[in-house]
Every structure is written in C-alpha cells, then in structure tokens.
Number of protein chains: 2
Amino acid sequence: MAEYNALPLVKLAEQFARLPGIGMKTAQRLAYYVLTMSEGEAKEFSEAITYAHRAVRKCEICQNFTEPKICPICDNPRRDSSTICVVEGPKDVAAFERTNEYKGKYHVLHGLISPIDGIGPDQLHIRELLARINDSNVDEVIMATNPTVEGEATAMYISRLLKPLGVKVTRLAFGLPIGGTLEYADEVTLYKALENRNEI
Amino acid sequence: MAEYNALPLVKLAEQFARLPGIGMKTAQRLAYYVLTMSEGEAKEFSEAITYAHRAVRKCEICQNFTEPKICPICDNPRRDSSTICVVEGPKDVAAFERTNEYKGKYHVLHGLISPIDGIGPDQLHIRELLARINDSNVDEVIMATNPTVEGEATAMYISRLLKPLGVKVTRLAFGLPIGGTLEYADEVTLYKALENRNEI
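Residues numbered from 1 in each chain as written. Chains lettered and ligands numbered in written order. Predicted model: local features only at pLDDT ≥ 70, side-chain atom pairs only at ≥ 80, totals over all residues. Heavy atoms only, no water.

A few words on the interface of chain B and chain A. Tallying the contact residues gives 52 residues for chain B and 53 residues for chain A. Across the chain B-chain A interface, the total number found is 4 salt bridges. We note a salt bridge from Arg18 of chain B to Glu44 of chain A, for which the minimum N-O separation is 3.9 Å. Here chain B is connected to chain A by 9 residue pairs in polar contact (both at pLDDT 80 or more). Looking at the side of chain B that touches chain A, the elements with two or more residues in it are helix 1 (7-17), helix 2 (24-36), helix 3 (39-55), strand 2 (65-66) and helix 4 (90-99) of chain B. Here the side of chain B that touches chain A is composed, by residue class, of 30 nonpolar, 10 polar and 12 charged. (Contact = heavy atoms within 4.5 Å. Salt bridge = Lys/Arg side-chain N within 4 Å of Asp/Glu carboxyl O. Polar contact = N/O pair within 3.5 Å; in protein donor to acceptor, adjacent residues only side chain to side chain. Helix = DSSP H or I, 4+ residues; strand = E, 2+ residues; numbered from the N terminus. Nonpolar A, V, L, I, M, F, W, Y, C, P; charged D, E, K, R; others polar.)

This is the structure we're talking about:
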C-alpha cells in the first residue's frame, strides 16, 4: 500500500477495478471523482447500489431483471405469448425493445454455454425455458444469442432440446449491417449475407 | 423510463453515467454487473463510497487527499521541506511517488486555471501555497502542471506570485519521451527538445 494515497481511497479504487472493463488507472480516476462529489451525491450513489441489489430480482417467468415478481413484459396481456425470443442477457432485451418492433416475449439465459469459462447448460436458465414451452401455447422460439462461438453453440444446444417438443425454432438473420459497405464487411459476414440471400 | 428495465437498475445506471468518462452504455453494463455480485460484495462497494467520502479530507498543509489531518508525506521528517512540487491533482502526486526519486514535498492545486470552465485562481489552493512559502524555509518551487494551455497558464500565474517572495521557481523539463523516436515526436515536443538541449 503506497503511503501517498489515503487507504479509503485505495479501497474504493479497488472496488471500481473489480467492475468489468475498468482498469486500475480508470478506477483511481473514478475514486478521486467520488471525493469531489457532494455528501448527498455520494450517499445517493452508494444507496443506488444497495437498493438495486436488494430490490431487483429475476422475473419468475422470463428471468429478466425486474422489481415485481413478474416483469412488466411478461405481465403485459398485449404482448404475444406465442413467441419467445431467447437472449443471453438483460441488455439484449433492452436492445430489442428499442427497435419497437418485437411484440412477443423474452427468455433471458443469463449467460452462454462456455466450457472454457466453466459454464455449462445447467448454469443457464434453460430448464425454465423448457418449462414455459410445456406449460403454454408457444409456437415459435427465436434464438437471439450473439453470432459468436458461444452464442452459436448455445443456440444449437437449446434448439436440439426444443425441436422434439414440436415448437418452431428460428435464428436471427445474419448479413450485412444496414448502412455498412461490402468493402468493409469481414469475410464471414459477407459469406453469410450471400448464403442467406433473399429473392426480391 | 422504458418499461423493460427495473427502475432501481435505471437509477443505478444513471449514477454510474455521472462518473467522468462513463457513457450510458458502459453505465448500464456496470449496473447489470452490480446485480451479479453477491450481497456482501455489493455492500462492500456501497460502503467503500460512503467511507471514502467521509474519511478522506484534504491535508491541512499540501491539500492532497488524506485520512489524518496532516498527510503522511507532509508528516514525514525525512522528506525535504525546502522543495515544493506544485501539481494539478492527487493523481499527479501518485505519479511522482512512483518514480521513487522525488524526496521533497508537494502542493496540490485541485485544478488548473481555466476561464472557459469558469475556474479562476481563487478556486484553486494557491492561497495555501503562498502561506507555506511565507511560513517556512522553502528554497524551490517546482511547477509540475501538465504541458497544456491551462497547465502552462497556471504555472505562469503562480510563478509570477512566487518570484517576489524570493523563492526559486522551476518548471518540469519538456522534450522527447524516453523510448520515443524523433520520427514520431510532434513538432512542439521536438522544438522543446531542441530548445532545451543540454551539453554532454
């Protein structure tokens, strides 16, 4: 412990450094910033952490983060219950909701199958997804995990479990991003765009 | 407020987004991460904020952040009291201490003169610096602010106040960074390196 930094400041920087994507330099900068806050602001920040951690839980149906037992999307009778969009995490739900196009429901896995990180299917909310298919009249499950090795593997694994249940399983389309150019597309994306070409 | 995000989560993300260099996307990612912490970890994080804010103050002499009234550097009789290194902020003290070369004391301004941001000399700890010069036997004041417009202006302003007090005022040397190459040095740095050349 260096003598030139007050201990509580070092401890706070260590806390920030535990957050994903925050290195020790940034953590120190953030810790210094907290000291420039007013007492009220620092209290608000501190309480937001404990409050979020205490008040937020996983929805009993879709497993998305929520304050009430059942999240507002699962609880909304105007959302189409026959379609479930399976995503890796809550931020993916937020991304789909921002499109204002999707009217079905979600299922949040809270992770992807990743043997390297020691994450197997049992650590994800796959069991709860299967229970939803059995319990209600679901027609289609959209696998909306990322186009990465883990995302593909998880989509494949789950689709193999779902198909015997007689439900239609679909995957997001992959191709050129809108506004992108052929010139700057990577080979895999371009190949996917070619392979998944549609008649016009 | 979007319905798909639990309110405490949104509030926590807003808190993170107030930190410098943290955008709304990163803030959301951090807020989600806090929810994956154990209850103990979240409590520790929350308490580190309030504790740092409550327990850390400015040293009565050098204004650096400290837990005791007088910081360990000012309180260290083996540090040379005749030299004061004037810096913008506490992280600059940390940077100098890491060199293990500087044996004098510091004075932390907590900012730089910046008319654009509405920061004048009165908002910095310049008064306290002048008081230190008057009170004790200081031989040299090293202006160690950054080589930016604000850093230069602040160094010039303070040196003009100090010189009538009969104290030697110096400025950090600017030139080629060690390990750098001429080819990649910008014009101003190269000019400074030429101008400040030393006999060998």
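Attention now moves to a nonpolar patch on the surface. Residues and elements named next belong to chain A. A surface patch of nonpolar side chains, about 250 Å² in accessible area, is lined by Leu176, Leu182 and Leu190. Within the element layout of this structure, Leu190 appears in helix 7 (residues 187-195). Owing to a relative accessible area of 33%, Leu190 belongs among the partly exposed residues under this scheme. (Patch = residues over 30% accessible without salt bridge, like charges linked within 9 Å, V, L, I, M, F, W, Y side chains within 5 Å. Areas by Shrake-Rupley, 256 points an atom, 1.4 Å probe, with all protein chains shown as cover. Buried < 20%, exposed > 50% of the residue type's maximum accessible area, 1.4 Å probe, protein only.)

Quick look at the nonpolar core now. Counting residues in hydrophobic clusters, the biggest one holds 44 residues, and the most contacted among them are Phe16 and Phe45 of chain A together with Phe16 and Phe45 of chain B. Elements with a minimum of two residues in this core: helix 1 (7-17), helix 2 (24-36) and helix 3 (39-55) of chain A together with helix 1, helix 2 and helix 3 of chain B. Those residues within four positions of Phe45 of chain B in sequence are excluded, and the remaining contacts are Gln15, Phe16, Leu19 and Ile49 of chain A together with Phe16, Val34 and Met37 of chain B. (Core = buried A, V, L, I, M, F, W, Y, C linked by side-chain atoms within 4.5 Å.)

With that settled, consider the layout of surface pockets. For the largest pocket, the calculated volume is near 540 Å³. If you trace the largest pocket, you find 23 residues lining it, with Glu88, Lys91, His110 and Gly111 of chain A together with Thr36 of chain B closest to the centre. When contributions to the lining of the largest pocket are tallied by element, the ones reaching two or more residues are helix 4 (90-99) of chain A together with helix 2 of chain B. It is helix 2 of chain B that contributes the most residues to the lining of the largest pocket, 5 residues altogether. Residues belonging to the lining of the largest pocket are distributed by class as follows: 9 nonpolar, 7 polar and 7 charged. In terms of lining residues, the second largest pocket is bounded by 13 residues, among which Tyr32 and Thr36 of chain A together with Glu88, Pro90 and Lys91 of chain B are the most central. Of all the secondary structure elements, the ones that give two or more residues to the lining of the second largest pocket are helix 2 of chain A together with helix 4 of chain B. (1 Å grid on protein atoms, 1.4 Å probe; cavity = no way out; pocket = protein on both sides within 12 Å on 5 of 7 lines; lining within 4 Å. Points joined across faces, edges and corners; volume = space filled by probe spheres on them.)

Two chain copies here: they are related by a rotation about an axis and a translation along the same axis. Note on the identical chains: chain B maps onto chain A by a rotation of 180° and an axial translation of 0.1 Å, with an RMSD of 0.1 Å. Such a combination of rotation and displacement between the chain copies is what one expects of a two-fold axis. Within chain B, Ser46 of chain B has its C-alpha nearest the rotation axis, a separation of 2.2 Å. Of the residues that chain B buries at the interface, 100% are likewise interface residues in chain A, meaning the two copies contact each other through the same surface. (Least-squares fit on C-alpha atoms with pLDDT ≥ 70 in both.)

Our next topic: the environment of Met143 of chain B. Residue and element names in this part refer to chain B. With respect to the element layout, Met143 can be found in strand 5 (residues 140-143). Met143 sits in the buried class, given a relative accessible area of 1%. Each C-alpha atom, one on Met143 and one on Val188, is 19 Å from the other, the two residues being 45 residues apart in sequence. Setting aside anything within four residues of it in sequence, one finds Met143 in contact with Val86, Ala155, Ile158, Val169, Thr170, Arg171 and Leu172.

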